[in-house]
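# Close look at the chain arrangement
Given next are the chains, with one letter for each unit.
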Amino acid sequence: MAGCAARRALTVGSRWWSRSLSGVRGPRPLCAASGAGAFSPAAATTTQRHLSSRNRAEGKVLETVGVFEVPKQNGKYETGQLFLHSVFGYRGVVLFPWQARLYDRDVASAAPEKAENPAGHGSKEVKGKTHTYYQVLIDARDCPHISQRSQTEAVTFLANHDDSRALYAIPGLDYVSHEDILPYTSTDQVPIQHELFERFLLYDQTKAPPFVARETLRAWQEKNHPWLELSDVHRETTENIRVTVIPFYMGMREAQNSHVYWWRYCIRLENLDSDVVQLRERHWRIFSLSGTLETVRGRGVVGREPVLSKEQPAFQYSSHVSLQASSGHMWGTFRFERPDGSHFDVRIPPFSLESNKDEKTPPSGLHW
């Protein structure tokens, strides 16, 4: 463990991760203390000369997990790439990439605002740019440590039976932006614990990375492409709180002699400042092509009122919406509270709900 004598601390949920700061530009060891106490993601940018016992369970020792690689500034990561999530700290493996269109309203903030329209508040002209995301598997050992900050069963599908509201999830499946990938290598032939890892990936020491796609992964990707596809990403920052929204079309169901269209949307909240804030309320406006405009207000999100701090700056969740029309728009605000009791509203970037994919039956299970 000499390689971990001087280290930069990272976190996997509430696990310690470390990398050598010996000054060598080559590969650096990645280490973990299983069962460690909670540790701040902010420490990922802070040099730690010693591992404090108060942040590590009694009797636990660091174990080598792998070796960090230099993150890619250009190009894409390949299927089988092992990584550490730079925000939520879990270990994972890349299954395949998605080329999304990122609509960043912060980039467009210098442009003059247009008049109010049904798609949202004071809409700006926002041009999308290509951005790479990845479909990934999350290591099951890390799921308990991140469950308070990121849902590990967020990728859901419509069940294929008469109950039009029934959903099912694939645990440990996620979407990760290119810049959130901290790549590493491992000599372990099964470095990620997930029930689909060995079904989807085959160890091949002659390849780099040494995990290649099995035919089952290629077949599963092709079969479920319409319901997995990530196409649009929307982002906006208000008072140093950045909101990222990714909508997914889930399919259509018939209910009471009418068509009901379903979407899933994933939202990530990030505190870019050092001040502690807490999410208190949500306020949604949902516009349907049928002409209806619905307002939804409530406490928190998914039953929680997360605190965003320097130590725990991000929270990610998924929810669902249904319309009796094939398309619509959503937008709104999150109300946050400061430590002094004052409140401020954070804009949710407007995003479209589109069902312009070929209508096929949504999956009722894992299709191979």
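None of the values given here were measured: they were computed from a predicted structure.

### Topic: the overall build of the protein chain
When helices and strands are tallied, the protein chain shows three helices and 23 strands. Pairs at least 24 residues apart make up 68% of the contacts formed inside the protein chain by residues separated by at least 6 positions. Accessible surface computed for the protein chain: about 17300 Å², of which carbon and sulfur atoms make up 46%.

### Observations regarding the pairing of strand 7 (residues 91–104)
Most of strand 7 sits out of view: ten of its 14 residues are buried. Note: strand 6 (residues 82–85) against strand 7, three bridges, orientation antiparallel. Across the sheet, residue Leu84 finds its bridge partner in strand 7, namely Arg91. Where strand 7 and strand 15 (residues 232–238) come together, four bridges link them in parallel fashion. Within the sheet, the bridge partner assigned to Tyr103 lies in strand 15 and is His234.

### Details of helix 3 (residues 215–228)
The largest bend in helix 3 comes to about 45°, at Glu222, with the proline Pro226 one to four residues further on. Inspection of helix 3 places Leu217, Trp220, Asn224, Pro226, Trp227 and Leu228 among the buried residues, and these make up the whole buried set.

### Let's talk about the pattern of salt bridges
What the rule picks out here adds up to 15 salt bridges. The salt bridge involving Glu270 is made with Arg242; its shortest N-O contact spans 3.2 Å. With Glu270 in strand 17 (residues 258–271) and Arg242 in strand 16 (residues 241–255), the pair connects residues that are 28 residues apart, well separated along the chain. Classification of Arg242 by relative accessible area gives partly exposed; the value is 22%. Put simply, Arg335 and Asp345 hold a salt bridge, and the shortest N to O gap is 2.7 Å. One end of the pair, Arg335, is in strand 22 (residues 328–337); the other, Asp345, is in strand 23 (residues 343–353), and ten residues separate them in sequence. Take Asp345: its relative accessible area is 34%, and that puts it in the partly exposed class. It is possible to trace a salt-bridge network through shared partners that takes in Asp180, Arg242, Arg268 and Glu270.

### Concerning the confidence of the model for the protein chain
Averaged over the protein chain, the pLDDT score is 81; the fraction of residues at 70 or greater is 74%. pLDDT under 50 marks residues 35–56. Its contacts with residues more than four places away, or in other chains, come to 58 contacts. Low pLDDT (under 50) marks residues 113–120, which in the prediction has 17 contacts with non-local residues, meaning those over four places away or in another chain.

### So, the pairing of strand 21 (residues 314–323)
Where burial is concerned, most of strand 21 is hidden: seven out of the ten residues are buried. Of the pairings in the sheet, the one linking strand 17 to strand 21 comprises ten bridges and is antiparallel in character. Each bridged residue has a counterpart across the sheet, and for Ile267 the counterpart in strand 21 is Tyr317.

### With respect to the nonpolar core
Counting 63 residues, the largest nonpolar core has Leu228, Leu230, Ile267, Trp284, Phe334 and Phe336 as the members making the most contacts within it. Ranked by residues supplied to this core, first place goes to strand 16 with seven residues. Excluding anything up to four places from it in sequence, Leu228 contacts Phe96, Trp98, Gln135, Val155, Phe157, Leu173, Tyr175, Trp220 and Phe248. Core analysis: the next-biggest nonpolar cluster, separate from the first, contains 14 residues, Tyr90, Val136, Cys143 and Val176 among them.

### Examining the packing of aromatic side chains
Going through the model one piece at a time under the given rule, you end up with 15 aromatic pairs. Here the aromatic rings of Tyr249 and Trp263 are separated by 5.7 Å at their centres, their planes lie at 55°, and the arrangement is tilted. In this pair, Tyr249 is assigned in strand 16 and Trp263 in strand 17, connecting sequence segments 14 residues apart. Within the aromatic cluster, the residues linked to one another by ring pairs are Tyr265, Trp284, Phe334 and Phe351. In this structure, Arg264 is placed above the aromatic ring of Phe248, and the distance from its NZ or CZ to the ring centre is 4.3 Å.

### What to know about the side chain of Arg91
With respect to the helices, strands and loops of the structure, Arg91 is situated in strand 7. A distance of 2.9 Å separates polar atoms of two side chains, one belonging to Arg91 and the other to Asp142.

### Points about the environment of Tyr90
Position of Tyr90 relative to the elements: it lies in the loop between strand 6 and strand 7. Note: C-alpha distance between Tyr90 and Ala140 (50 residues apart in sequence) is 9.2 Å. Within the structure, the side chain of Tyr90 is placed 2.7 Å from the side chain of Asp174, a separation counted as a polar contact.

### A closer look at unusual backbone geometry
Each neighbour pair has its own omega, and for Ala208 with Pro209 the value is -5°, a cis peptide bond. Tracing the backbone shows Pro209 in the loop between strand 13 (201–203) and strand 14 (211–213). Phi at Glu239 is positive, roughly 50°, even though this residue is not glycine. Within the secondary structure layout, Glu239 lies in the loop between strand 15 and strand 16.

### Things to note about the environment of Glu281
Take Glu281: it is sitting in strand 18 (residues 277–288). A relative accessible area of 31% means that Glu281 is categorised as partly exposed. Spatially, the C-alpha atom of Glu281 lies 5.8 Å from that of Phe334, the residues being 53 residues apart in sequence. Dropping the residues within four chain positions of it, Glu281 is found in contact with Gly298, Arg299, Gly300, Thr333, Phe334 and Arg335.

What counts as what
Residues numbered from 1 in each chain as written. Predicted model: local features only at pLDDT ≥ 70, side-chain atom pairs only at ≥ 80, totals over all residues. Heavy atoms only, no water. Helix = DSSP H or I, 4+ residues; strand = E, 2+ residues; numbered from the N terminus. Contact = heavy atoms within 4.5 Å. Areas by Shrake-Rupley, 256 points an atom, 1.4 Å probe, with all protein chains shown as cover. Buried < 20%, exposed > 50% of the residue type's maximum accessible area, 1.4 Å probe, protein only. Pairing = 2+ DSSP bridges. Bend = angle between axes of the 7 residues up to and from the residue. Salt bridge = Lys/Arg side-chain N within 4 Å of Asp/Glu carboxyl O. pLDDT = per-residue confidence, 0-100. Core = buried A, V, L, I, M, F, W, Y, C linked by side-chain atoms within 4.5 Å. Phe/Tyr/Trp six-rings, centres within 6.5 Å; stacked < 30°, edge-to-face > 60°. Lys NZ or Arg CZ within 6 Å of the ring centre and 35° of its normal. Polar contact = N/O pair within 3.5 Å; in protein donor to acceptor, adjacent residues only side chain to side chain.

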